[in-house]
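What follows is the residue order along each chain.
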Amino acid sequence: MNILVFGGVGQLGQCLKKVADSKGIDGLIYLDEIQGNILDVQLLNSLFEQYQPQYAINCAAYTAVDKAEDEVDLSRLINKTGAENIAKVCVKHNTTLIHISTDFVFEGKLAKALNEEDIAEPINVYGLTKLEGEQGISQITSQYFTLRTSWLYSEFANNFVKTMLRLGKEREELGVIIDQVGSPTYAVDLAGCILEIITSKSDAYGLYHYSNEGVTSWYDFAKAIFEFSNYSVKVKPLKTSEYPTKATRPLYSVMDKSKIKSLLGIQIPYWRDSLAICIKELGF
Ligand SMILES: NC(=O)c1ccc[n+]([C@@H]2O[C@H](COP(=O)([O-])OP(=O)(O)OC[C@H]3O[C@@H](n4cnc5c(N)ncnc54)[C@H](OP(=O)(O)O)[C@@H]3O)[C@@H](O)[C@H]2O)c1
């Protein structure tokens, strides 16, 4: 079985490789931005001709949330048009598409865990273009799984955990946002979920929410990172208003994961348990 992984050297792409290798799952082809440029339709066609993949996993995205506010066209090109390009080639080759989206499709004003039926009202360009990508895919093919996830981190690429560990080494005190609440997700767990969907050969296609279990703030997340890494850093709570960013972020961004658990039988680890594993993997 051949599985094309677009964005194959990004954070999630590297986690897929780690999990697939550890489970002995073969056939994944990890494509970087040049080998698998999702904006190059001719290239996509020839890759699908060559590999005749059963699955395509789209981890490729424009993920610079603040920069997207100034690069609307590029963000839309990658997150919407790029996703649609893959979906169209998938239809031609009867390939199942597994696409990754985000909790940032939600406004985040309700202190309630949102499910897949809840209305998406993005409040930043990144969220809007990711939503457009989801919608484009669902209009092109019915043979897709779109997984919305949140607060991804891992031992790979740049992410909040690695930033905190770097700052923890350099600083004695640090301010971290306390009034944005969500669910951290270990990208290795998400990769495991994607591979479970593939190996189960499920045809329960559609939109799903996936994050680690539990709810926390960035402040509490940082405290846990320093606890597990044994750094004695004083963490100061900051309000969003004290740390202005170009893109507005949802304040309450928790997803209901009942659907993925019941329809696909996915078991989801608790965020602190996964964080402890990641920090160990990072050598602490
Ligand atoms: N990171 C998070 O906190 C988070 C949260 C929720 C959802 N997500 C979603 O999860 C998915 C994976 O995120 P991630 O953390 O793995 O992101 P990432 O590390 O930024 O990986 C994205 C990859 O896509 C590549 N890419 C950009 N333009 C491309 C193009 N035209 N063709 C092919 N590849 C291209 C990037 O290459 P370059 O680096 O060379 O540009 C990068 O390797 C994305 O869909 C993202 O929207 C992420």
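- Per an unreviewed UniProt entry, the chain goes by the name dTDP-4-dehydrorhamnose reductase and belongs to Arcicella rosea.
- We quote the UniProt Pathway (unreviewed entry) comment for the chain here in full: "Carbohydrate biosynthesis; dTDP-L-rhamnose biosynthesis."
- Per UniProt, the chain carries the Sequence similarities (unreviewed entry) text "Belongs to the dTDP-4-dehydrorhamnose reductase family."

**Topic: the overall build of the chain**
Part 1: Scanning the chain for helices and strands turns up nine helices and 13 strands.
Part 2: Relative to its length of 284 residues, the chain is compact, with a C-alpha radius of gyration of 18 Å against a globular reference of 19 Å.
Part 3: Projected onto its principal axes, the C-alpha positions of the chain cover 55 × 40 × 35 Å.
Part 4: Every one of the 284 residues in the chain was classed for burial, and the buried ones make up 52%.
Part 5: Taking all contacts inside the chain whose residues are at least 6 apart in sequence as the whole, residues at least 24 apart take part in 84%.
Part 6: Charged side chains of the chain number 28 positive and 35 negative; the gap between the two group centres comes to 3 Å.

**Some remarks on the packing of aromatic side chains**
Part 1: Under the definition given, this model contains 14 aromatic pairs.
Part 2: Centroid distance Trp151 to Phe221: 6.3 Å. Interplanar angle 25°. Geometry classified as stacked. Taken together, the residues span a long stretch of sequence, with Trp151 in the loop between strand 5 (144-149) and strand 6 (152-153) and Phe221 in helix 7 (residues 218-229) at a distance of 70 residues.
Part 3: Ring geometry for Phe221 against Trp271: centres 5.8 Å apart, planes inclined by 90°, an arrangement best described as edge-to-face. Taken together, the positions of Phe221 in helix 7 and Trp271 in helix 9 (residues 271-281) put the pair 50 residues apart, joining distant regions of the chain. Each member of the pair Phe221 and Trp271 is classed as buried.
Part 4: Counting every residue linked through ring pairs, the aromatic cluster contains Trp151, Tyr153, Phe160, Tyr186, Trp218, Phe221, Tyr270 and Trp271.
Part 5: Across from the ring centre of Tyr208, 4.6 Å away, lies the NZ or CZ of Lys259, which sits over that ring.

**Some details on helix 1 (residues 11-23)**
Part 1: For helix 1, built from 13 residues, the straight-helix expectation of 18 Å at 1.5 Å per residue is met to within 8% by its first-to-last C-alpha distance of 19 Å.
Part 2: Of all the positions in helix 1, only Gln11, Leu12, Gly13, Cys15, Leu16, Val19 and Ala20 are classed as buried.
Part 3: Of the surrounding secondary structure, the elements contacted by the buried residues of helix 1 are strand 1 (3-6), strand 2 (28-31), strand 3 (55-58), strand 4 (96-102), strand 6 and helix 6 (187-200).
Part 4: A positive backbone phi angle near 70° is found at Gly24, which sits one or two residues after helix 1.

**Regarding the side chain of Gln180**
Part 1: Following the sequence through the fold, Gln180 ends up in the loop between strand 7 (173-177) and strand 8 (181-182).
Part 2: At 3.3 Å, the side chain of Gln180 and the side chain of Trp218 are in polar contact.
Part 3: Within polar-contact distance, the side chain of Gln180 engages the side chain of Thr240 at 3.3 Å.

Each value, and the rule that gives it
Residues numbered from 1 in each chain as written. Predicted model: local features only at pLDDT ≥ 70, side-chain atom pairs only at ≥ 80, totals over all residues. Heavy atoms only, no water. UniProt positions renumbered as here; feature names shortened; annotations may be inferred. Helix = DSSP H or I, 4+ residues; strand = E, 2+ residues; numbered from the N terminus. Rg over C-alpha atoms; globule rule 2.2 N^0.38 Å. Buried < 20%, exposed > 50% of the residue type's maximum accessible area, 1.4 Å probe, protein only. Contact = heavy atoms within 4.5 Å. Lys, Arg positive; Asp, Glu negative; His and termini not counted. Charge placed at Lys NZ, Arg CZ, Asp CG, Glu CD. Phe/Tyr/Trp six-rings, centres within 6.5 Å; stacked < 30°, edge-to-face > 60°. Lys NZ or Arg CZ within 6 Å of the ring centre and 35° of its normal. Expected span 1.5 Å × (residues − 1). Polar contact = N/O pair within 3.5 Å; in protein donor to acceptor, adjacent residues only side chain to side chain.

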